[in-house]
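Chain by chain, the residues:
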Amino acid sequence: MYEWYRNIQLIVDEIDSCIKSCGDEAITLHRLAQKLGYSEFYISRKFREISGMQLRDYLRYRKLAFALKEIRDTDFGILDIALNYGFSSHEAFTRAFKSAYGITPSEYRRNPVPVVLRTALRPFDCYLLGIGGTGMAESIENVKTYFVTIPAHKFMHIRNYESIGYWDFWQKQSLIPGQDCETICGLLDSISGKLDDRGGDEANSESGQLMAFINDPAGRICSWGIPLAEAYGVRLPADYDGEVPPQMQIMDVPEGEYIVFEHGPFDFETENQTVEARIEEAMKSFDYTASGYQLDLTPGRVFYFYHDCKQFWKYVRPVVKTCCAG
C-alpha cells in the first residue's frame with residue numbers, strides 16, 4: 001500500500017503539472033500506465049480505492065478549480081477560459097461549473113463567494129499516514145533564529161480545543177459536519193488575497209494555508225504550559241471584508257513582534273522527523289533572557305506553523321520585550 005500512495009501522488013502531481021502547462025494531451029490513462037508500469041485497469045482501480053473517486057472525475061474537478069481561479073483573478077473571457085481547460089462550449093463549462101459549485105461562472109465572477117474547490121489530493125502525506133521522515137539526513141541546514149515585526153492582519157480559521165497535532169486535529173474535525181480536511185482546505189483554496197499564497201494548489205503554506213496555535217484560556221494546556229487552541233486557516237489583509245464561510249471564524253491579529261525558528265528545504269520523505277527534532281531542540285534551548293524578549297502569553301496572540309518542505313519549516317512565535325530590556 002505504501003508504494004501505491006506514492007504512485008497516486010505521482011499521478012496527481014503530473015495532472016496538475018499538465019493542466020498548468022496546458023498539456024491536456026499528456027493526461028491520458030494510457031500514458032500514466034506506461035509511466036508506472038501497470039495496466040490501465042489496475043491504475044484506475046487503485047486510484048479510486050485511495051482517492052475515493054474515478055480518475056476522470058478527479059481530472060475534471062482539478063480543471064474546474066484552475067478555471068475558477070482564473071474567473072476570480074483575471075479579466076479573461078469565460079468562453080476563453082472554458083476552451084483553455086478543455087470544455088467544448090460555454091454551455092458545457094457552465095453546466096459543469098454549476099454542478100460542482102452551485103453557482104454559474106458569470107455569477108461567481110460578479111460575487112466570488114467561498115466555494116469548496118477540489119484541492120489537490122495528498123495521498124503521500126507522512127503526517128496523515130504516519131510514515132516517512134524516518135531516515136537520518138546527512139546534509140541538513142542549521143535552524144535560523146530571528147525576530148520580525150508582523151503587521152496587523154486577519155486570521156480566518158477553524159479551531160479545536162482538544163486536538164494534539166496535525167493528524168489528531170483532522171481526525172477530530174472530520175467528526176464535525178462540514179469541517180473535514182477536504183472541505184475546509186477546499187474552501188480556503190477559493191479565498192482570494194491570502195497573505196502567504198505563493199501560487200500553490202496544495203493544502204500547505206504554499207497555497208496560503210497553515211496550522212496555528214491561539215493563546216486561548218479555553219484551550220488545552222500544551223507542553224509549554226500555555227492554554228492553546230489548535231487552528232487551521234489563512235492569514236488575510238487587515239482590511240479583508242469578504243464573506244466568511246459559516247463553519248469558520250475570523251479574528252483580528254494586531255501588529256506584533258515574533259521570533260522565528262526556521263529550517264531550509266528538506267526531503268519530505270526521509271528527513272522530516274530529523275528536521276522536526278532539530279527545530280524542536282532549537283526552540284527548547286533558546287535563551288530568551290539573553291535576547292531581552294519572552295514569549296507573549298496574552299490571550300489572542302497567535303503562533304504560526306509553516307510546513308513546506310520545498311521552502312522551509314518554521315515556527316513563528318509571538319514575543320514581547322521584557323520589562324528590563326533596553
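Because the structure is predicted, anything quoted here is derived from the model rather than measured.

1. A look at the overall build of the protein chain
A count of helical and extended segments in the protein chain gives 12 helices and 9 strands. The 326 residues of the protein chain split such that 52% are buried.

2. Re helix α6 (residues 90-101)
With 12 residues, α6 ought to run about 16 Å at 1.5 Å a step, and its terminal C-alpha atoms sit 16 Å apart, in line with that. Inspection of α6 places Ala-92, Phe-93, Thr-94, Ala-96, Phe-97 and Tyr-101 among the buried residues, and these make up the whole buried set. If you follow the buried residues of α6, they end up packed against α4 (55-73), α5 (78-84) and α7 (105-110).

3. Topic: the pairing of strand β2 (residues 153-160)
Burial runs high along β2: 8 of the 8 residues are buried. On β2, burial covers both faces: His-153, Phe-155, His-157 and Arg-159 on one face and Lys-154, Met-156, Ile-158 and Asn-160 on the other are all buried. Two strands pair when backbone bridges link them, and β2 and strand β4 (residues 227-237) are joined in this way by 8 bridges, in the antiparallel orientation. The residue bridging Phe-155 from the neighbouring strand is Arg-235, located in β4. Sheet topology note: the β2/strand β5 (residues 249-253) ladder contains 5 bridges and is antiparallel. Paired with Phe-155 across the two strands is Met-251, which belongs to β5.

4. Let's talk about the nonpolar core
Counting residues in hydrophobic clusters, the biggest one holds 36 residues, and the most contacted among them are Met-156, Trp-170 and Tyr-232. By residue number, the principal contributor to this core is helix α10 (residues 181-189), which donates 5 residues. In this structure, Ile-19, Leu-32, Phe-97 and Tyr-101 belong to the second largest nonpolar core, which totals 33 residues.

5. Examining the packing of helix α2 (residues 29-36) against helix α3 (residues 40-51)
Remark: α2 packs on α3, axes separated minimally by 9 Å, with the N-to-C direction vectors making an angle of 95°. Taken as axis vectors, α2 and α3 run roughly perpendicular relative to one another. Across from Leu-29, His-30, Leu-32, Ala-33 and Leu-36 in α2, the residues of α3 making contact are Glu-40, Ile-43 and Ser-44. The class makeup of the residues in the contact of α2 with α3 is 5 nonpolar, 2 polar and 1 charged.

6. Let's talk about α2
If you check which residues of α2 are buried, you get Leu-32, Ala-33 and Leu-36. With its buried residues spanning 100° around the axis, α2 presents them on a single face. Among the exposed residues of α2, those oriented more than 90 degrees off its buried face are Gln-34 and Lys-35.

7. Points about the pattern of salt bridges
With the rule as written, the count across this model stands at 10 salt bridges. Arg-72 is the salt-bridge partner of Asp-73, the closest N and O atoms lying 2.8 Å from each other. Accessibility expressed as a relative area gives 46% for Asp-73, which makes it partly exposed. With a closest N to O distance of 2.5 Å, Asp-252 and Lys-154 form a salt bridge. Of this pair, Asp-252 sits in strand β5 while Lys-154 sits in strand β2; the two residues are 98 residues apart in sequence, bridging distant segments of the chain. Judged by its relative accessible area of 54%, Asp-252 falls in the exposed class. On the accessibility criterion, Lys-154 (14% relative accessible area) is buried.

8. Focus: the side chain of Asn-215
Counting through the fold element by element, Asn-215 comes out in strand β3 (residues 209-221). A polar contact of 3.0 Å, which involves the side chain of Asn-215, links it to the backbone oxygen of Thr-298. Leaving out residues up to four positions away in the same chain, Asn-215 has contacts with Ile-226, Pro-227, Leu-228, Asp-296, Leu-297, Thr-298, Pro-299, Gly-300, Arg-301 and Phe-303.

9. Observations concerning the pairing of strand β8 (residues 302-308)
Each regular strand shows side chains that alternate between the opposite faces of the sheet. Among the 7 residues that make up β8, 7 are buried, leaving the element largely enclosed by the rest of the structure. Side chains of β8 alternate between two faces, with Val-302, Tyr-304, Tyr-306 and Asp-308 and Phe-303, Phe-305 and His-307 buried alike. Here 4 bridges tie β3 to β8, and the two strands are oriented antiparallel to one another. Within the sheet, the bridge partner assigned to Met-211 lies in β8 and is Phe-305. If you look at the hairpin formed by β8 and strand β9 (residues 312-321), you'll find 3 residues sitting between the two strands.

10. With respect to the side chain of Asp-296
Among the secondary structure elements, Asp-296 is positioned in the loop between β7 (293-295) and β8. According to the relative accessible area criterion, Asp-296 is buried, its value standing at 10%. Within polar-contact distance, the side chain of Asp-296 engages the side chain of Arg-301 at 2.9 Å.

What counts, and at which threshold
Starting from 1, residues in each chain are numbered consecutively following that chain's sequence as written. Reporting in this predicted model follows two pLDDT cut-offs: at least 70 for local features of residues, and 80 or more for side-chain atom pairs to be given and counted; totals over whole chains, interfaces and linings ignore these cut-offs and use all residues. Side-chain numbers here rest on the full set of heavy atoms in the structure, without hydrogens or water. Segments assigned H or I by DSSP are reported as helices when at least four residues long, segments assigned E as strands when at least two residues long, and all are numbered from the N terminus. Three labels apply to residues, based on accessible area from a 1.4 Å probe with only protein chains included: buried if under 20% of the type maximum, exposed if over 50%, partly exposed otherwise in between. Given the number of residues in a helix, its expected span is that number minus one, multiplied by 1.5 Å. Working rule for contacts: check all heavy atoms of both residues, and any pair within 4.5 Å makes them a contact. A pair of strands counts as paired when DSSP detects no fewer than two bridges linking them. Only buried residues count toward a nonpolar core. Its members are Ala, Val, Leu, Ile, Met, Phe, Trp, Tyr and Cys residues joined through side-chain atoms within 4.5 Å. Lines are fitted to the C-alpha atoms to define the axes, a helix being fitted only along its stretch in contact, and any angle between axes, read from their N-to-C directions, falls within 0 to 180 degrees. Angle categories: roughly parallel below 35 degrees, roughly antiparallel above 145, roughly perpendicular from 65 to 115, and oblique for all the rest. Residues are grouped as follows: nonpolar covers Ala, Val, Leu, Ile, Met, Phe, Trp, Tyr, Cys and Pro; charged covers Asp, Glu, Lys and Arg; every other residue, Gly included, is treated as polar. As used here, the arc belongs to the directions running from the helix axis to the C-beta atoms. Criterion for a salt bridge: a side-chain nitrogen of Lys or Arg within 4 Å of a carboxyl oxygen of Asp or Glu. Distance and chemistry together define a polar contact, namely a pair of N or O atoms within 3.5 Å, with one atom able to donate a hydrogen and the other to accept it when in protein, and with adjacent residues in sequence counting only for side-chain atoms on both sides.

The values are spatial; any link to function lies outside them.
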